[in-house]
Amino acid sequence: MTCPLSLWHVDEDLIVAEKPAGLLAVPGRGLVGRDCLSARVAAHWPDALVVHRLDMATSGLMLLARGVAAQRCLSTAFAEQRVRKRYVAIVHGWISGAAGAIDAPLASDWPNRPRQCIDTEHGRPALTRWRVLARDERRQRTRVELEPVSGRTHQLRVHLRHIGHAIVGDALYSQEVAGEPRLLLHAERLVFEHPRDSQRMDCLSPAPF
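All values reported here derive from a predicted model rather than from experimental measurement.

Caption draft 1: Spotlight on the pattern of salt bridges. Summed over all chains, the structure comprises 14 salt bridges. Residue R40 pairs with D35 through a salt bridge whose shortest N-O separation is 2.8 Å. Since its relative accessible area comes to 31%, D35 is described here as partly exposed. Between R139 and E180 there is a salt bridge, and its shortest N-O distance comes to 3.8 Å. Of this pair, R139 sits in the loop between β9 (127-136) and β10 (141-148) while E180 sits in the loop between α3 (155-162) and β11 (185-193); the two residues are 41 residues apart in sequence, bridging distant segments of the chain. Here the residues in one salt-bridge network are E12, D13 and R196, joined through shared partners.

Next up, the structure:
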């Protein structure tokens, strides 16, 4: 039995739903891969179409369009970086400074797929802004707010490992995952213009950790 949908907003043009950690965003391989957030939403709203994706291990807000016209409009907004995305993560170690940016191109790590890697020669440009929210001295961890300006696969996870602060619970990119039930990365906020009337939509889902 699947869990009930957690919805932030529904109207005739779009749906903002919350994806739990461990659930695929879109269909994957085999019978198990049929259960995903987009399929659960489409079971109630058959015209729902995917606009962007979240990693299976990541929780948080995901935007779906209702109909091709809304999908085209929202997809363009993402491509033109007019959608503000904010994530919260807990990382290993203390990040020095209060805020900064990670500018490092990303490419597929073909021998180790689905991993991605920093590739300064062939990688696609990728930029992540970060801001420290809190530091845990006892556990030597840092809580950070992340803004992926670009939207590359595993961007936040690879960028944070690149600066020596892998996300807690990251089975792909961290050597320290023992005792962690999930990746501590959550898509907390989406800010965008509504495709019908350009009204500002500000969706917030506080991190569950």
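Moving on from the model shown.
Caption draft 2: Region of interest: the nonpolar core. One finds V41, Y87, V144, L146, I167 and L185 to be the most contacted residues of the largest nonpolar core, which totals 27 residues. Elements with a minimum of two residues in this core: β2 (14-19), α1 (37-42), β4 (59-66), β5 (84-92), β9, β10, α3 and β11. For I167, the contacting residues outside a window of four places in its chain are A89, I90, V91, H92, L156, R157, L160, S174, L183, L184 and L185. Formed by 15 residues, the second largest nonpolar core is a distinct cluster that contains V16, V51, A65 and A70.

Caption draft 3: Representation of α3 in the model. In terms of burial, α3 is largely enclosed, as 6 of its 8 residues are buried. Restricting attention to buried positions, one finds in α3 the residues Q155, L156, R157, V158, H159 and L160.

What counts, and at which threshold
- Residues numbered from 1 in each chain as written.
- Predicted model: local features only at pLDDT ≥ 70, side-chain atom pairs only at ≥ 80, totals over all residues.
- Heavy atoms only, no water.
- Salt bridge = Lys/Arg side-chain N within 4 Å of Asp/Glu carboxyl O.
- Buried < 20%, exposed > 50% of the residue type's maximum accessible area, 1.4 Å probe, protein only.
- Helix = DSSP H or I, 4+ residues; strand = E, 2+ residues; numbered from the N terminus.
- Core = buried A, V, L, I, M, F, W, Y, C linked by side-chain atoms within 4.5 Å.
- Contact = heavy atoms within 4.5 Å.

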